[in-house]
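# Chains, contacts and geometry: an overview
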Amino acid sequence: MKLLIINNLEFAQKQQKLSDLFEIYSFKRLAETLSIGDKNTHLAGIRFELTGDYKRFRHPSLHLHISSTLPVTCQRCLDEMLINVDLNFDYLISNVVASELDENDEIDWLEASPNMDLHELIEDELLLAMPFAPMHEKSCSKLNMQSGEKPNPFAILKGKVKST
Ligand SMILES: [Zn+2]
């Protein structure tokens, strides 16, 4: 597994860019939550793009885009289903320890670090974004029998993860 350690403050100040593709298997914690079997050994990877900037927020910042298609287990019919992941994050880089900053849901802070683990950050964000109980929206084999059920509220609230 390749490690991806960056100096996040320098990355922002120099407006660097980095994009790559990680294998799903490289994310051990994430892989445990997925439905990975013999039939989907051809899985697409997890693509990301990291962009450094210091002008947009008049502060050093990182923009992270993560996209992939991940196999999960439908919690209604227990068949595999695919969810499209398309996530965008803006982080401001600060020398202040993140926990001492105001709690503001609109802004994500990252502590300035010469060795920030980008792979770990991507995995953490993916784990947070995964729907708690994913279900097929339309083509679920059990949908006709339990038509009163409501769709997964997490998928709607976040609006970030779409089931197919
Ligand atoms: Zn289903």
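The coordinates are above.
All values derive from a computational prediction rather than experimental measurement.

The rules behind these values
- Residues numbered from 1 in each chain as written.
- Predicted model: local features only at pLDDT ≥ 70, side-chain atom pairs only at ≥ 80, totals over all residues.
- Helix = DSSP H or I, 4+ residues; strand = E, 2+ residues; numbered from the N terminus.
- Buried ≥ 20, exposed ≤ 12 C-beta atoms within 10 Å, placed from the backbone.
- Contact = placed C-beta atoms within 7 Å.
- Core = buried A, V, L, I, M, F, W, Y, C linked by C-beta atoms within 7 Å.
- Pairing = 2+ DSSP bridges.
- Expected span 1.5 Å × (residues − 1).

Turning our attention to the overall build of the protein. A count of helices and strands for the protein gives four helices and eight strands. For the protein, the α and β elements follow one another from N to C terminus as β-α-β-α-β-β-β-β-β-α-α-β. Each of the 164 residues in the protein was classed as buried or not, and the buried ones make up 23%. Residue pairs in contact within the protein that sit at least 24 positions apart in sequence constitute 64% of those at least 6 positions apart.

As a further point, take the nonpolar core. One finds F48, L62, I66, I93, L118 and I122 to be the most contacted residues of the largest nonpolar core, which totals 27 residues. For this core, the elements supplying multiple residues, two or more each, are α1 (8-13), β3 (46-53), β4 (61-73), β5 (80-94) and α3 (118-129). Beyond its immediate stretch of four places on either side in the chain, I66 contacts I46, F48, V85, L87, I122, E125 and L126.

A word on the pairing of β4. In this structure, β3 lies alongside β4, joined through seven bridges in antiparallel fashion. Each bridged residue has a counterpart across the sheet, and for E49 the counterpart in β4 is H65. Here 13 bridges tie β4 to β5, and the two strands are oriented antiparallel to one another. The residue bridging L70 from the neighbouring strand is I83, located in β5. Hairpin connection from β4 to β5: six residues lie between these consecutive antiparallel strands, with L78 at a positive phi of about 65°.

Located in the positive-phi region is Q15, a residue other than glycine, with phi close to 50°. By the element assignment, Q15 lies in the loop between α1 and β2 (17-22). Within the chain, R58 stands out as a residue other than glycine whose phi angle is a positive 50°. As for its placement among the helices and strands, R58 is situated in the loop between β3 and β4. Accessibility expressed as a C-beta count within 10 Å gives 7 for R58, which makes it exposed.

With twelve residues, α3 ought to run about 16 Å at 1.5 Å a step, and its terminal C-alpha atoms sit 17 Å apart, in line with that. Of the residues making up α3, those classed as buried are L118, L121, I122, E123 and L126. Elements in contact with the buried residues of α3: β1 (5-6), α2 (28-33), β3, β4, β5 and β7 (116-117).

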